[in-house]
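# Structural features, examined
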Amino acid sequence: MKQILWIALLLAAFMLVCGCTQQNDVPHTPIPSATVTPAGSLPAELSSSTPNTTLSLDAGVLLISFHAAGAQEMEIGFSNVSGAYGETESFSTTGPYDGSLVFGVLQKDNYLLNISGTGLWTAEVSQYAPDGVLKAPLNLSGNGTEVPPVLYLEKGQYLFKRNETGSFVMDANNSYVQPGFGELSTETFKFITIPESGDYILSVVARENPASWAASILTAPTLPALRPGPEIPENETPSA
């Protein structure tokens with residue numbers, strides 16, 4: 001995930017579900033001061049009262065499942081302790097909302113995770129594990145920031161369409177991330193090339209949640225082979 005849809009292409013997002021929520025009034029809760037715990041392992045739990053943790057992680061994909069108790073602004077930051085690598089996703093909720101998103105863990109290291117919000121929230125952090133497999137061609141829809149079931153894509157070229165900025169597709173080992181739709185992108189589609197057959201993740205980041213989105217991953221149409229044109233004798237000039 002890249003700052004966007006990054007939103008997953010990565011995917012992203014690298015897609016699904018639909019629902020509706022009702023807004024409840026939640027009193028403003030000041031963000032507590034940072035509290036960093038010693039390097040720990042997964043799964044881990046965070047909340048508006050304990051918003052930070054340091055994790056010792058192997059390379060792979062980190063899944064964050066969160067619950068916002070009401071309308072609020074939220075931000076999730078993930079970086080290694082050296083600060084050489086980092087990503088931040090920001091979004092809002094219009095009422096109680098359950099969502100999920102993924103971050104790529106580039107290499108074995110200690111990482112900092114910080115979640116902030118202007119209301120009450122809880123989050124569970126775990127290693128991403130596929131839950132069901134979908135196969136292209138796919139027409140998907142969803143309801144805000146979420147990570148759909150893993151996608152199996154054959155090696156080749158695909159048409160990636162969406163109506164939501166902040167989408168990307170990445171492989172399940174986080175070794176390859178497709179070019180995603182930028183946060184301010186006006187593109188509605190792009191062609192992506194899958195280098196190897198395997199499992200891929202779509203991640204979608206909606207700026208406001210819940211917010212309906214739709215995405216499709218379709219096999220790219222095959223263009224007909226070019227054929228030679230009519231032969232023109234050397235002593236003739238083509239007519240205008």
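What counts and what doesn't
Residues numbered from 1 in each chain as written. Predicted model: local features only at pLDDT ≥ 70, side-chain atom pairs only at ≥ 80, totals over all residues. Heavy atoms only, no water. Salt bridge = Lys/Arg side-chain N within 4 Å of Asp/Glu carboxyl O. Helix = DSSP H or I, 4+ residues; strand = E, 2+ residues; numbered from the N terminus. Buried < 20%, exposed > 50% of the residue type's maximum accessible area, 1.4 Å probe, protein only. Pairing = 2+ DSSP bridges. Axes fitted to C-alpha atoms, helices over the stretch in contact; angles between N-to-C directions. pLDDT = per-residue confidence, 0-100. Contact = heavy atoms within 4.5 Å. Phe/Tyr/Trp six-rings, centres within 6.5 Å; stacked < 30°, edge-to-face > 60°.

## Focus: the pattern of salt bridges
- With the rule as written, the count across this model stands at 2 salt bridges.
- Here Asp58 and Lys108 are joined by a salt bridge, their closest N and O atoms 3.0 Å apart. Taken together, the residues span a long stretch of sequence, with Asp58 in the loop between β2 (52-57) and β3 (60-68) and Lys108 in the loop between β6 (97-105) and β7 (109-117) at a distance of 50 residues.
- On the accessibility criterion, Asp58 (48% relative accessible area) is partly exposed.

## Brief notes about the sheet that holds strand β10 (residues 138-143)
- Pairing within the open sheet is antiparallel, and its 4 strands lie in the order β10-β17-β12-β14. Unpaired on one side and paired on the other, β10 and β14 (189-194) mark the two borders of the sheet. Adjacent strand axes in the sheet meet at a mean angle of 25 degrees when their direction is disregarded.
- Pairing analysis gives 6 bridges linking strand β12 (residues 156-162) to β14, with the strands arranged antiparallel. Across the sheet, Leu159 pairs through a bridge with Phe191, a residue of β14.

## Here's the deal with the environment of Val147
- Here Val147 lies in the loop between β10 and β11 (150-153).
- Along the chain, Val147 and Val204 lie 57 residues apart, while their C-alpha atoms are 6.5 Å from each other.

## Overview of the pairing of β6
- With respect to burial, β6 is a largely interior element, 8 of its 9 residues being buried.
- The pairing of β3 with β6 spans 9 bridges and is antiparallel. What sits directly across from Ile64, in β6, is Leu101.

## With respect to the pairing of β2
- Across the 6 residues that make up β2, a large majority, 5, are buried.
- Relative to β7, β2 runs antiparallel, the two being bridged by 6 bridges. Across the sheet, residue Thr53 finds its bridge partner in β7, namely Leu113.

## Focus: the confidence of the model for the chain
- When pLDDT is averaged across the chain, the result is 76; 67% of the residues are at 70 or more.
- Confidence drops under pLDDT 50 across residues 1-38; counting only partners more than four residues distant or on other chains, this segment forms 173 contacts.

## A short note on the packing of aromatic side chains
- By the definition in use, this model includes 6 aromatic pairs.
- Through pairs of rings, three or more aromatic residues link up here, namely Phe78, Tyr85, Phe103 and Tyr111.

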